[in-house]
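# Results of the structural survey
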Amino acid sequence: MFQSFRQAMAWLHTWFGLVLGFVLMAAFFFGALSVFDREIDRWAIPSTRIEPQPMPSFEKVLRPAFERMQPTQQAIDAMKPRVNGAMPERFDTVVSWSAYTTHRDPVLALFAGYQVPNAKDPEEAIWADTTIDPRDGTPLPNDRLKIGSGFFYPMHYSLTLDWKNLGIFIVGLSALVMLAALVSGVVMHRKIFREFFTFRPGKARLRSVLDLHNLTGVVALPFHFFFALTGLLIFAATYYFPLGHTQLHELHDLHAEVEARETGLPHQRAGVAAGLANVDAMVADAQRRWKANDKAGDVGFLVLQHLGDENGYVSVYRAGTDRIALVGDGIHYKASTGELIREDPAATPVGRMAEFLTGLHLQHFRHWLLRWLYVLGGLAGAVCIATGFVFFVEKRKRQHAQMGSQGARIVDALAVTTVTGMVLATLGILVANRLLPEDLPARGDWERYAFWGTWALAFLHAGLRSAPVARGLANPAWREQCWAIAVFAVSVVALNWATTGDHLLATLSRGYWPVAGVDLFILAGGTISVLAAFRLRRRAQQAGQERAASQEAARA
Amino acid sequence: MPDPASHGSLLSLALIASVAGMGWLALSMQVHAQQAWNRAPSPTALKVLRWMGSAALLAAFVLCLCADHATMAVLVWFMALAGAALTVAFTLSWRPRWLRVLAPWVRA
C-alpha cells in the first residue's frame, strides 16, 4: 500500500491526527486551563475570593461543621431504589468524615458517608458534601458551578460526556493516538535538529504553517509525550483497569491515593461504641513525624473512619506540595485513644515511579513557575494541533476547489470551531457566570448551556461563512471569530468589575492573583486575537488584490 | 528547599541560562548565525558557541537542582528548555539581530 515506511507514517499522522485532533485540541486547551482550575473557581464564585488556608482545627471548626451535615434530599431519592424498605429520616451512623484541601484552596471541601439501614449492598454508603470557610466554619454556597475544577477540568479528561464513561474512553483513545502521532511525526520530520529553531513566517503559506507545527511539536516533545502517557496511565489505573473500588470515585483530587491504603486498618465496624480522642493532638503528632523525615508538614486530607465505634480510626495525609510525586505519607491513629496504629511504609521503587508519573500530571506541588510552564506546554500543544488542521486544509483546498470537492471546506469549518470557537465558548461560560442572576435555580446548568450554545453558534457561523474555502480562498470566519474573542474578552473582564467591584487595579494592589491572573490572561488572549484579526485582514486584502490583478491580466 | 527569595533568584538564573544556552546553540548553526550577523562566523567560533550553549543548559539544570527537589527540578528544566527554545525561535523569525547581544565578541 505504501512505498516506504515514511509514507505509511505520514498517512497515519495525517488521518489519525485529523480525526482525533479535534478531541486532542480540547484536551490540550482545557488541560492548560485546568492548571489554574482553583484560581478560575475563585473568579467564578466571588464569595470565595479569600486567601488559601491550611487545614483548620478539627475540634474548633471541622467537628461542628461535620455534625451539621446530612445527605441532600436528592441523594436520598437517588439511593431509594437500592434500599429494601423506606429511607430513614436521619442518618446517624457515620462511615467516614473527611476534609480535603490544597495549598491553593481557600475553601474546604467536607465529605461525609453514612451507613444506610437495609441497603441492598451493605457496603454502599450514602454521601453528603459541603463547602465551608476554613477560618470559621461558615458554610459557603455549595451549589455553584466551580467552572475551573468542576467544568474545565472534566472537559479536559472526559469532554463531560459522562454516559458510560464514554468521554474518558474517547480522550484515552486520543491520547494513545497522540503517542502514535508523536512517533510518526518524528519519523516524518527529516530535520529535527537542523530545523529545531526554524520558523519562517515570510515563506510560502504551507511552509510557514509547517514550521510552526514542527516547532511547537518538537520543542515541547517531552511534555507532549509524558502528558499523553501519564494521562493514559491515570486512566488505566482508575477507569480501564481499576484495582479495587473507591467510593470517592468522583473526587479526581484524591484519585488512587486512598485506594489500598486500608491495609492493617479495620474495614468494618466492631459494633462496640467508643469515644473520640482529641484529633488535633493526632494531627500535631503526624506533623511531628513528617518533620522528623524532612517533609513539609501541611495536612491535605483528614479522614475519620467508623466514627463512634471501637474500630474507628483517624488517618492524616500530607499535602505533598514540595515534590512531584503524589505521596500522602499517611499516618493512622486509633480514634478512641489516639494511639498510633501505623505509618504508611515508603513505596517500592515501582510505586515511587508511579507516584512520580501521576504526580507529574496531576500537579499537587507548590511551584508557580512550573505551573506556568505547563500552561505554555499545553498551549504549544494546542498550537501544534491547530497548525496541523490549517496545514491539512491549505494543502488540499486548491486541489479540492478544482475537483469541486467540499472536503477542505468541512475540515476548515471544523477547525474554526475547535480553535477560535472553543475559546469563544470558554469566554461564553464566563460571561454567563457574571450575568445570570445570583439566585437562579440550577444556575450551573445555565452556565453550561451558555458554553455549549456559544460553541454551537461558532460552529454555525464557521459553516455558513465557509463557502470561499471551496473556491480555494480563506474562510472569513477565522477573522470574524478573532474579533468576537476580543469583544468577549473585554466584556468578561468588564463584567467581573461591574458585578463584583474587583477591577484589575483593585486585585493587583491587593495582590489577589487568582482573580487578577484570570483577568490578565483573558485580556492577553483578547490582545493576541486582535493582532491575529489584523494579520488575517491584511492577508485577505493581499489575496484580493492579487486575484483582481490576475483577472485583469486574463481579460487584457 | 531554600527560602523564597533565593528560590526565586535561582529559578530566574536557571531561566536566563536556558535562554542564553538555547540562543548560543542556535547561533552555532550556520543558518541562524547568518540571520543574526548577515554572515557566518568562523568554524571555530561556531564550535565555541556550541560548547557554551551546552554548558549553559547544563548550568540551568544545576540551578534547577539547587532550587527544588530533584524530581521537580527535572520537570522545571525540561519545560524551561521548551520555553527558551520557543523564545529563541520567535526572536530569530522576528528580530534576529537581537541575538547578537548573546555573543558581542563576534564582529558583525
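Residues numbered from 1 in each chain as written. Chains lettered and ligands numbered in written order. Predicted model: local features only at pLDDT ≥ 70, side-chain atom pairs only at ≥ 80, totals over all residues.

Next up on the list: the overall build of chain B. When its secondary structure is counted, chain B shows 4 helices and 0 strands. Along chain B, from the amino end to the carboxyl end, the secondary structure elements read α-α-α-α. With the C-alpha coordinates aligned to their principal axes, the bounding extent of chain B is approximately 45 × 25 × 20 Å. Counting every position in chain B, which comprises 108 residues, the buried fraction comes to 46%. Across chain B, the fraction of contacts at a sequence separation of at least 24, relative to all contacts at a separation of at least 6, is 71%. (Helix = DSSP H or I, 4+ residues; strand = E, 2+ residues; numbered from the N terminus. Buried ≥ 20, exposed ≤ 12 C-beta atoms within 10 Å, placed from the backbone. Contact = placed C-beta atoms within 7 Å.)

Quick look at the overall build of chain A now. Across its full length, chain A carries 17 helices and 7 strands. The C-alpha radius of gyration computed for chain A amounts to 27 Å, which stays within 12% of the reference 24 Å derived for 556 residues, consistent with globular compactness. When the backbone C-alpha atoms are referred to their principal axes, chain A occupies close to 100 × 55 × 50 Å. For chain A, buried positions account for 41% of its 556 residues. Pairs at least 24 apart in sequence give 70% of the contacts found in chain A among residues at least 6 apart. (Rg over C-alpha atoms; globule rule 2.2 N^0.38 Å.)

Residue and element names in this part refer to chain A. Where helix H7 (residues 205-219) meets helix H11 (residues 368-403), the closest approach of the two axes is 8 Å, and the angle between their N-to-C directions is 155°. By the angle class used here, H7 and H11 are roughly antiparallel. Between H7 and H11 lies a crossing of left-handed hand. On the side of H7, the interface is formed by Arg205, Leu206, Val209, Leu210, Leu212, His213, Thr216 and Gly217, while H11 contributes Ala380, Val383, Cys384, Thr387, Gly388, Val390, Phe391, Glu394 and Lys395. Within the contact of H7 with H11, the residues separate by chemical class into 9 nonpolar, 5 polar and 3 charged. (Axes fitted to C-alpha atoms, helices over the stretch in contact; angles between N-to-C directions. Parallel < 35°, antiparallel > 145°, perpendicular 65-115°, else oblique. Left-handed = near helix turned anticlockwise from the far one by under 90°. Nonpolar A, V, L, I, M, F, W, Y, C, P; charged D, E, K, R; others polar.)

Let's shift gears to unusual backbone geometry. Residue and element names in this part refer to chain A. Its identity is not glycine, yet Asn118 carries a phi of approximately 65°, on the positive side. By the element assignment, Asn118 lies in the loop between strand S2 (108-115) and strand S3 (125-132). For Asn165, which is not glycine, the phi dihedral falls at a positive 55°. You can see Asn165 is positioned in the loop between helix H5 (147-158) and helix H6 (166-188). According to the C-beta neighbour criterion, Asn165 is partly exposed, with 15 such atoms within 10 Å.

Another point: the interface of chain B and chain A. In this complex, chain B contributes 22 residues to the contact, which on the side of chain A involves 26 residues. Among the elements of the structure, helix H1 (4-27) and helix H4 (70-94) of chain B are those that each provide at least two residues to the side of chain B that touches chain A. If you tally residues by element for the side of chain B that touches chain A, the top one is H4 of chain B, at 16 residues. Each residue belonging to the side of chain B that touches chain A can be placed in one class, and the counts come to 16 nonpolar, 5 polar and 1 charged.

Within chain B, residue pLDDT values average 92, and 98% of them lie at 70 or more. For this predicted complex, the interface confidence comes out at an ipTM of 0.94, alongside a pTM of 0.89. (pLDDT = per-residue confidence, 0-100.)

Another point: the domain arrangement of chain A. According to the domain assignment, chain A contains domain 1 (1-45 + 144-244 + 366-403), domain 2 (52-143 + 245-362) and domain 3 (406-549). Taken over C-alpha atoms, the centre of domain 2 of chain A sits 41 Å from the centre of domain 3 of chain A. (Domains from an automatic or database assignment.)

The biggest cluster of nonpolar side chains holds 138 residues, and the ones touching the most others in it are Ala60, Val76, Ala80 and Ala85 of chain B. The contact partners of Ala80 of chain B, leaving out residues within four places of it in the chain, are Leu373 of chain A together with Ala14, Leu15, Ser18 and Ala60 of chain B. Of all hydrophobic cores here, the second largest spans 42 residues; its members include Tyr100, Val116, Val279 and Ala286 of chain A. (Core = buried A, V, L, I, M, F, W, Y, C linked by C-beta atoms within 7 Å.)

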